[in-house]
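Each chain, written out:
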Amino acid sequence: MRLTRSAGTSAAEVAARRDRFVAAVLESVPGAALTGHPVRRLPGHASFVLPGRSGESVLLDLERRGVVCSSGSACHAGSDEPSHVLVAMGVPSEVAQTAVRFTFGRSVTDEQLTDAARALADVCGR
């Protein structure tokens, strides 16, 4: 049997969508800051801190709007403690607790990411 890569969205296309999503969030969500390197990151990954907001309350508000994401880092999912990864990166503990992480794959559309950015802006009171 010969294995072939299926046609579809490339990692570069996912990264381009991610970059547009990041730009939309940073433009529309007051105080939002991207965590980590702006370019050297996984194609379908964007994490933000939202000072003055509770990451968990943002998650609940977004879920009500049909957007599912996580708080903090993947290795800290389900914990209300600040991510040790973000703290090690120099993010103060109280700010690290405001983190919201979006991950998505090749099937995500620009429209879905636009809707997610708009929902985050609405939740954070643009």
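All of these numbers come straight from a predicted model, not from anything done at the bench.

K.L.:
Break down the layout of surface pockets for me, citing the residues and quoting the values.
P.N.:
Within this model, the largest pocket holds a volume of roughly 200 Å³. Contributing to the lining of the largest pocket are Phe21, Gly66, Val67, Val68, Phe102, Thr103, Phe104, Val108, Gln112, Leu113, Asp115 and Ala116. Listed by contribution, the elements that provide at least two residues to the lining of the largest pocket are β4 (100–103) and α5 (110–123). Per-element accounting of the lining of the largest pocket gives the leading share, 4 residues, to α5. A per-class count over the lining of the largest pocket returns 8 nonpolar, 3 polar and 1 charged.

K.L.:
An account of the pairing of strand β2 (residues 45–49) is needed here, citing residue identities and associated values.
P.N.:
Across the 5 residues of β2, 5 count as buried, placing the element largely inside the fold. Neither face of β2 is exposed, since His45, Ser47 and Val49 on one face and Ala46 and Phe48 on the opposite face are all buried. In this sheet, β2 lies alongside strand β1 (residues 33–34) in antiparallel orientation, the contact comprising 2 bridges. Of the residues in β2, the one forming a bridge with Ala33 is Val49. As paired strands, β2 and β4 are joined by 4 bridges and run antiparallel to one another. Its bridge partner being in β4, Ser47 is matched across the sheet by Arg101.

K.L.:
Summarise the environment of Arg20; cite the residues concerned and give the values.
P.N.:
In this structure, Arg20 sits in helix α1 (residues 11–28). Separated by 94 residues in sequence, Arg20 and Thr114 place their C-alpha atoms 8.6 Å apart.

K.L.:
Explain the pattern of salt bridges to me, using residue names and the numbers behind them.
P.N.:
Taken as a whole, this structure holds 6 salt bridges when the rule is applied. Taking the shortest distance from any N to any O, the salt bridge between Asp110 and Arg17 comes out at 3.9 Å. Here the residue Asp110 occupies a position in helix α5, and Arg17 occupies one in helix α1, the gap between them amounting to 93 residues. Asp110 is the salt-bridge partner of Arg20, the closest N and O atoms lying 3.0 Å from each other. Of the two residues, Arg20 sits in helix α1 while Asp110 sits in helix α5, which places them 90 residues apart along the sequence. According to the relative accessible area criterion, Asp110 is partly exposed, its value standing at 34%. Each of Arg17, Arg20 and Asp110 takes part in a single network of salt bridges with overlapping partners.

Each value, and the rule that gives it
Residues numbered from 1 in each chain as written. Predicted model: local features only at pLDDT ≥ 70, side-chain atom pairs only at ≥ 80, totals over all residues. Heavy atoms only, no water. 1 Å grid on protein atoms, 1.4 Å probe; cavity = no way out; pocket = protein on both sides within 12 Å on 5 of 7 lines; lining within 4 Å. Points joined across faces, edges and corners; volume = space filled by probe spheres on them. Helix = DSSP H or I, 4+ residues; strand = E, 2+ residues; numbered from the N terminus. Nonpolar A, V, L, I, M, F, W, Y, C, P; charged D, E, K, R; others polar. Buried < 20%, exposed > 50% of the residue type's maximum accessible area, 1.4 Å probe, protein only. Pairing = 2+ DSSP bridges. Salt bridge = Lys/Arg side-chain N within 4 Å of Asp/Glu carboxyl O.

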